Amino acid sequence: MNDLVPYFEHHESIDSTNARAAQLAATDIDLPALIVAEEQTAGRGRGSNAWWSDAGALTFSLLIDASPDQLAQATWPLVSLAAALAIGDCLAARLPVERVELKWPNDVYLNGRKVCGILVEAPPVRPPRLVVGVGLNVNNSMVEAPDEIAERATSLVDAVGQPLDREEILREIVVRFLDNLARLQAGELQLAERWSERCLLRGREIEVQAHGTLQRGCCAGIDDAGALILETSQGRKRLFAGTVNRW
Ligand code: BTN
């Protein structure tokens, strides 16, 4: 991996690759840094959720330089969308599957089931850095997963029926993501257009928990600022954060 990133760690077992990346954020290592783990004992999900994953999953975090000359602060909310795009594009290019879709703000779905979660965190350090954590179900079959996860999730091995090379997939995701980040900083990532190719929610009646209220409407995709566009009975709304509960 050192041909892709200047700093790389591989762990057989660790509490959380995001927590490890946040520790490293306070040091002066060269970036981007890639932390990969075979197992996490305290994997973190969005909000207060834990992240469950089994042996065979691809579990990693990238620590990136978010100094103003590298990644303007205005683009930080778009980093998770850029990561989801990279992962969606990688899976669509490699797998003989029907549907690879992105669920705003940052989940990747395969044939209607969640296959990947992304958690971006900003550790309180100077110069600023971002941690981009990815949990992608690759060779971990959902047959082994707890019921509540197996009902809604899938893995690449479940979708294509044979194990895949995780290192190859990781390499392609890192390359695509770093390329998206460079485009984001250059103002060249056409987020709305690229996202619309894979938007799971577009054209659907959805319910979004946002800013402490439940918003209902028809999803018209996302815009270049990463906002979800919702056509509601009170007109068009732009949501910058939230959780889509029904679709
Ligand atoms: C979600 O809730 O969908 C986001 C899940 C993110 C999980 C990944 S696994 C690697 C990294 N380390 C963590 O503790 N969490 C992220």
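Going by the structure above, here's the rest.
Residues numbered from 1 in each chain as written. Predicted model: local features only at pLDDT ≥ 70, side-chain atom pairs only at ≥ 80, totals over all residues. Heavy atoms only, no water.

Asker: I keep staring at helix α5 (residues 166-185) and nothing clicks. Help me out?
Answerer: Because each turn of an α-helix spans 3.6 residues, side chains separated by three or four positions end up pointing in the same direction. With 20 residues, α5 should reach 28 Å at 1.5 Å per residue; the first-to-last C-alpha distance of 28 Å fits that figure. Turning to α5, its buried residues number three or more, namely Ile169, Leu170, Glu172, Ile173, Val174, Phe177, Asn180, Leu181 and Leu184. The inward-facing, buried residues of α5 abut β2 (33-40), β3 (58-65), α2 (79-94), β7 (129-136), α4 (156-160) and α6 (191-196). Capping the start of α5 is the job of one residue whose side-chain oxygen sits 3.0 Å from the backbone nitrogen of Glu167: Asp165. At the C-terminal side of α5, Gly187 shows a positive phi close to 75°. (Helix = DSSP H or I, 4+ residues; strand = E, 2+ residues; numbered from the N terminus. Expected span 1.5 Å × (residues − 1). Buried < 20%, exposed > 50% of the residue type's maximum accessible area, 1.4 Å probe, protein only. Contact = heavy atoms within 4.5 Å. Polar contact = N/O pair within 3.5 Å; in protein donor to acceptor, adjacent residues only side chain to side chain.)

Asker: Can you help me understand the pairing of strand β9 (residues 213-222) in this one?
Answerer: Remark: a regular strand shows side chains that alternate across the two faces of the sheet. Here strand β8 (residues 205-210) runs beside β9; their pairing, made up of six bridges, is antiparallel. Counted as the bridge partner of Ala210 is Thr213 from β9. From the end of β8 to the start of β9, which pair antiparallel, there are two residues, and His211 there has a positive phi angle of about 50°. Bridging between β9 and strand β10 (residues 228-232) involves three bridges; their strand directions are antiparallel. Of the residues in β10, the one forming a bridge with Cys218 is Glu231. Between β9 and the antiparallel strand that follows it, β10, lie five residues; Gly226 among them carries a positive phi value of about 85°. (Pairing = 2+ DSSP bridges.)

Asker: Quick question: what am I supposed to make of the sheet that holds β2 here?
Answerer: Consider a sheet: its strands pair through backbone hydrogen bonds, and that pairing is either parallel or antiparallel. Pairing is mixed in the open sheet, where seven strands are placed in the order β1-β2-β3-β7-β6-β5-β4. Here the strands that pair on one side only, and so sit at the sheet edges, are β1 (7-14) and β4 (100-103). Strand-to-strand twist of the sheet, defined as the mean angle between neighbouring strand axes without regard to direction, takes the value 20°. In this structure, β3 lies alongside β7, joined through eight bridges in antiparallel fashion. When the sheet's bridge partners are listed, Ile64 is paired in β7 with Leu130. Running at roughly 25° to β3, α5 makes contact with β2, β3 and β7 of the sheet. (Axes fitted to C-alpha atoms, helices over the stretch in contact; angles between N-to-C directions.)

Function cannot be inferred from these measures alone, as they are strictly geometric.
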